[in-house]
Amino acid sequence: MKSYKQILLGTAFGAALAAPAFAGGLNTPVTEPAPLAPVVQVAPSHDWTGGYIGAQIGNADGDYGALGDNNVSYGVRGGYDWDFGNWVVGAGLDWDKTDVDLGGGTSIDSIARLKFRGGYDFGRTLVYATAGGARAEADIAGVSRSDNGWFAGLGAEYAINDQWSVNGEVLKNQFDDFDNLGTDLEATTATVGVAFRF
């Protein structure tokens, strides 16, 4: 017959072995770890609101009636943009100096523009359309002349940081019946530029 001590020790030992099985309770559900959320890549944000001044260089391809040629152009630009979240609008001025010798003593000397632009904000990249008024200075048959016209085109600008950006533009410049001479003056300009933003 087992002694009282043996029965007590056996009961205590059995309770100790069974304790871990009941530690969580009979009704405690097993919880699976939540899956990790996917990492979403967000384009770096940029606020385009503010002024800018800059310089540009490119090519001007001009036509006056049957005459035509192209040459390097270079110039300056400045303006102000307003950022409305997904959309940016702006206004500015630019001036390109060139010397497109069209032949017969005719050349395009410069084009100045009053520009309006509107585009979509992709963060640090702005893609836009631009249009406005233009004024050309030209020599026609050796006589210095000027006239007003219009331009339209497309461009893109990338913000390197909060102060510097680079851009590219292609513009069609049109001067119908240039200086009332009965012939249209046209120029397509393609430029790249850099701007300081403030």
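Source: prediction; values computed, not measured.

A. Spotlight on the overall build of the protein chain. Looking only at helices and strands, the protein chain has one helix and eight strands in total. Per-residue burial over the protein chain gives 33% buried out of 198 residues. Counted over contacts in the protein chain with a minimum sequence separation of 6, partners at least 24 positions apart contribute 57%. Element-wise, carbon and sulfur atoms account for 64% of the exposed surface of the protein chain, whose accessible area totals about 11800 Å².

B. Layout of the packing of aromatic side chains. Applying the stated criterion across every chain, the model contains six aromatic pairs. Taken together, a centroid distance of 6.4 Å and an interplanar angle of 25° make the contact between F196 and F198 stacked. Under the relative-accessibility criterion, F196 is labelled partly exposed at 27%. Across from the ring centre of Y128, 4.5 Å away, lies the NZ or CZ of R117, which sits over that ring.

C. Region of the structure containing the pairing of strand 1 (residues 50–64). Relative to strand 2 (residues 67–83), strand 1 runs antiparallel, the two sharing 15 bridges. Bridged to G54 within strand 2 is R77. Counting the residues between successive antiparallel strands, the hairpin from strand 1 to strand 2 contains two residues, one of them, G65, with a positive phi of roughly 65°. Relative to strand 8 (residues 185–197), strand 1 is paired through 13 bridges, and the arrangement is antiparallel. The residue bridging D63 from the neighbouring strand is E186, located in strand 8.

D. Main features of the side chain of D83. Examined against the element boundaries, D83 turns out to sit in strand 2. R197 is the oppositely charged side chain nearest to the buried, salt-bridge-free D83, at an N-O distance of 8.2 Å. D83 has contacts with H46, D47, W48, T49, V88 and D121, leaving out every residue within four places of it along the chain.

E. Spotlight on the environment of D147. Topologically, D147 is positioned in strand 6 (residues 143–159). For the pair D147 and E137, spaced ten residues apart in the sequence, the C-alpha separation amounts to 7.0 Å. Excluding anything up to four places from it in sequence, D147 contacts A134, R135, A136, F175, D176, D177, F178, D179 and N180. A polar contact of 2.7 Å, which involves the side chain of D147, links it to the backbone nitrogen of D179.

F. The sheet that holds strand 6, seen in detail. The strand order 1-2-3-4-5-6-7-8 describes a closed barrel built from eight strands, whose pairing is antiparallel. Strand after strand, the sheet turns through a mean of 20° between neighbouring axes, direction not considered. Judged from the eleven bridges that link them, strand 2 and strand 3 (residues 87–103) form a sheet pairing that is antiparallel. Looking at the pairing, V76 lines up with W95 of strand 3.

G. Geometry of the side chain of T191. Checked against the element boundaries, T191 lands in strand 8. Setting aside its immediate chain neighbours within four residues, T191 contacts Q56, I57, G58, S73, D96, N167, G168 and E169.

H. Structural detail: the pattern of salt bridges. Under the criterion given, the structure shown has twelve salt bridges. One salt bridge connects D94 with K115, and the closest N-O pair in it is separated by 3.1 Å. In this pair, D94 sits in strand 3 while K115 sits in strand 4 (residues 106–121), placing the two residues 21 residues apart along the sequence. For K115, a relative accessible area of 9% gives the class buried. Between K115 and E169 there is a salt bridge, and its shortest N-O distance comes to 2.7 Å. Of this pair, K115 sits in strand 4 while E169 sits in strand 7 (residues 164–175), placing them 54 residues apart in sequence. It is possible to trace a salt-bridge network through shared partners that takes in R77, D81, R117, E157 and R197.

I. The pairing of strand 8, seen in detail. By the alternation rule, side chains of strand 8 split into L185, A187, T189, T191, G193, A195 and R197, which are all buried, and E186, T188, A190, V192, V194 and F196, of which none is buried. In terms of strand pairing, strand 7 meets strand 8 through twelve bridges, oriented antiparallel. Pairing of F175 across the sheet is with L185, part of strand 8.

About the criteria used
Residues numbered from 1 in each chain as written. Predicted model: local features only at pLDDT ≥ 70, side-chain atom pairs only at ≥ 80, totals over all residues. Heavy atoms only, no water. Helix = DSSP H or I, 4+ residues; strand = E, 2+ residues; numbered from the N terminus. Buried < 20%, exposed > 50% of the residue type's maximum accessible area, 1.4 Å probe, protein only. Contact = heavy atoms within 4.5 Å. Areas by Shrake-Rupley, 256 points an atom, 1.4 Å probe, with all protein chains shown as cover. Phe/Tyr/Trp six-rings, centres within 6.5 Å; stacked < 30°, edge-to-face > 60°. Lys NZ or Arg CZ within 6 Å of the ring centre and 35° of its normal. Pairing = 2+ DSSP bridges. Lys, Arg positive; Asp, Glu negative; His and termini not counted. Salt bridge = Lys/Arg side-chain N within 4 Å of Asp/Glu carboxyl O. Polar contact = N/O pair within 3.5 Å; in protein donor to acceptor, adjacent residues only side chain to side chain. Axes fitted to C-alpha atoms, helices over the stretch in contact; angles between N-to-C directions.

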